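# Examination of the molecular architecture
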Amino acid sequence: MTSLNGHRTGTGVEGQEAVLADITAMLATLLDEYGLDDVEIRMDTTFNRDLELESIDLVALAGLLEEKYGNRVNFAEFLAGMEFDEIIELTVGRLVEHVVASLKATEAS
Amino acid sequence: MAIVDLGGGLRLHAQRIGPRGGRPVTATAVLVHGLLTDSLASYYFTVAPAFAASGIDVVMYDLRGHGRSTRPATGYTLDDSIDDLEALLDRLEVTGPVHLVGNSYGGTVAFGYAARHPERTTSVTLIESEPATAAWAGKLDGILGRVMHELAHNEADAIAWITANRSQNTARLAKGAARLARETTLAQDIPASRVLTEAEISSVRCPVLGVYGGDSDLAGLAPWMESVLPDCRTVVVPGHEHSVLVEASGTVGGHILSLILGSAAPVQLAGADAR
């Protein structure tokens, strides 16, 4: 089954690999603005130290996540529950796991 | 993300979030960030989600020159900032009275808006902030003078020192601040801003909440604020300095929410509290 925006729904919950690919594409869009088009994104890549993204760039990422996943994923709420130091240390992998879990949770409900 | 075109090459980045699932909006809050290294992200990832979940229509924006807004070369006086806020709210069709929240310089902007438009202001929260006085302008002149000297004109040395002694994150933010200070009239404009008379300050009769870090110099302003304003309450959060909004967002957000929702006791938000 496919929803209006082309995402797989029903039993086809996106797995970790597919979500990592989605987020890698979003980060490529953001990094392209800084002229960085050749950065490797892995699960242990940190947003702050490795990608040098500022907090305002993460607001833009929140917008891209919402475009892709709708209100099934709320990046702002995810970060608002963290301490400041945790946000500085945030990895791509932790976001991927959060997205996978959020998609599964909405699937189940 | 919304880019609001205010004309003359000025485009402000704004974010607006509200209650979900058809819950009614009970109030509108407009959140204004601080100077140089700050942006709407300081609210977006801290207090804004909880405000929205509490039924508040939350409007955040990047000041001109900051975040993802455009960086015109001129137009950085306090009155320019208040004009920008007015124009933004008009464009967003926010016509009713609003709760204003400002961090640092953003609070000075919020208070200036309240003094100009008492009929459009329900309450003002000043986080590590104060109304525009001659003393405020003098202090900003000193701070911005140091920024211009150390960052804008000796950037390589300053960034090397910050990277070695602070963090890479701070260094990156400092580079952005140096660019803003160097390429615009901000450092000249802000100290030259028109300030408010004591009568104009006292004319703000709506509830004002002042929130300060206990280890910040600004905490000393709390008694003056309560004496000069007709309806002012201040809160000092121990163990924090100027970054109390992001470091203790659960506590700070709770005080703001109780003001906006009109509850007597502070609401404790789920969220970051570094200590």
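Just so it is clear, the structure is predicted and the values come from calculations on it, not from any experiment.

### With respect to unusual backbone geometry
- Phi is positive for E52 of chain A, which is not a glycine, with a value near 55°.
- With respect to the element layout, E52 of chain A can be found in the loop between α1 (16-32) and α2 (55-69).

### Regarding the nonpolar core
All names here are of chain B.
- Formed by 105 residues in total, the largest nonpolar core has its most connected members in A48, V58 and M60.
- Shared between two domains, this core holds at least three residues of each, these being domain 1 (2-132 + 196-261) and domain 2 (133-192).
- Excluding its chain neighbours within four sequence positions, the residues that come into contact with V58 are R16, I17, G18, A29, L31, A48, F51 and A52.

### Considering the sheet that holds strand β6 (residues 121-127) of chain B
Residue and element names in this part refer to chain B.
- Overall, mixed pairing links the eight strands, which are arranged β1-β2-β4-β3-β5-β6-β7-β8 in an open sheet. The open sheet has two edge strands with one neighbour each: β1 (2-5) and β8 (232-237). Each strand of the sheet is rotated relative to its neighbour by a mean of 20°, with strand direction disregarded.
- Direction of pairing for β6 relative to strand β7 (residues 208-213): parallel, over a ladder of four bridges. Bridged to V124 within β7 is V208.
- Packing against the sheet, helix α3 (residues 78-91) makes contact with β1, β2 (11-17), β3 (27-32) and β4 (56-61), and its axis sits at approximately 55° to β2.

### Regarding the interface of chain A and chain B
- Facing 21 residues of chain A, the contacting portion of chain B comprises 24 residues.
- Counting only elements with at least two residues in the side of chain A that touches chain B, the list comes to α2, α3 (75-80) and α4 (84-88) of chain A.
- Among the residues forming the side of chain A that touches chain B, the class breakdown is eleven nonpolar, five polar and five charged.

### Considerations on the packing of α3 of chain B against helix α4 (residues 105-116) of chain B
Residues and elements named next belong to chain B.
- Look at α3 against α4: their axes get within 9 Å of each other, and the N-to-C directions meet at 70°. On the basis of their axis angle, the class for α3 and α4 is roughly perpendicular. Between α3 and α4, the residues in contact are L78, S81, I82 and L85 and T108, V109, G112, Y113 and R116, respectively.
- Classifying every residue of the contact of α3 with α4 by side-chain character gives five nonpolar, three polar and one charged.

### Considerations on the domain arrangement of chain B
Residues and elements named next belong to chain B.
- Taken as a whole, chain B is organised into domain 1 (2-132 + 196-261) and domain 2 (133-192).
- Taking the mean C-alpha position of each, domain 1 and domain 2 sit 22 Å from one another.
- Taken residue by residue, the interface counts 14 residues in domain 1 and 16 residues in domain 2.

Reading the values: the criteria
Residues numbered from 1 in each chain as written. Chains lettered and ligands numbered in written order. Predicted model: local features only at pLDDT ≥ 70, side-chain atom pairs only at ≥ 80, totals over all residues. Helix = DSSP H or I, 4+ residues; strand = E, 2+ residues; numbered from the N terminus. Core = buried A, V, L, I, M, F, W, Y, C linked by C-beta atoms within 7 Å. Buried ≥ 20, exposed ≤ 12 C-beta atoms within 10 Å, placed from the backbone. Domains from an automatic or database assignment. Contact = placed C-beta atoms within 7 Å. Pairing = 2+ DSSP bridges. Axes fitted to C-alpha atoms, helices over the stretch in contact; angles between N-to-C directions. Nonpolar A, V, L, I, M, F, W, Y, C, P; charged D, E, K, R; others polar. Parallel < 35°, antiparallel > 145°, perpendicular 65-115°, else oblique.

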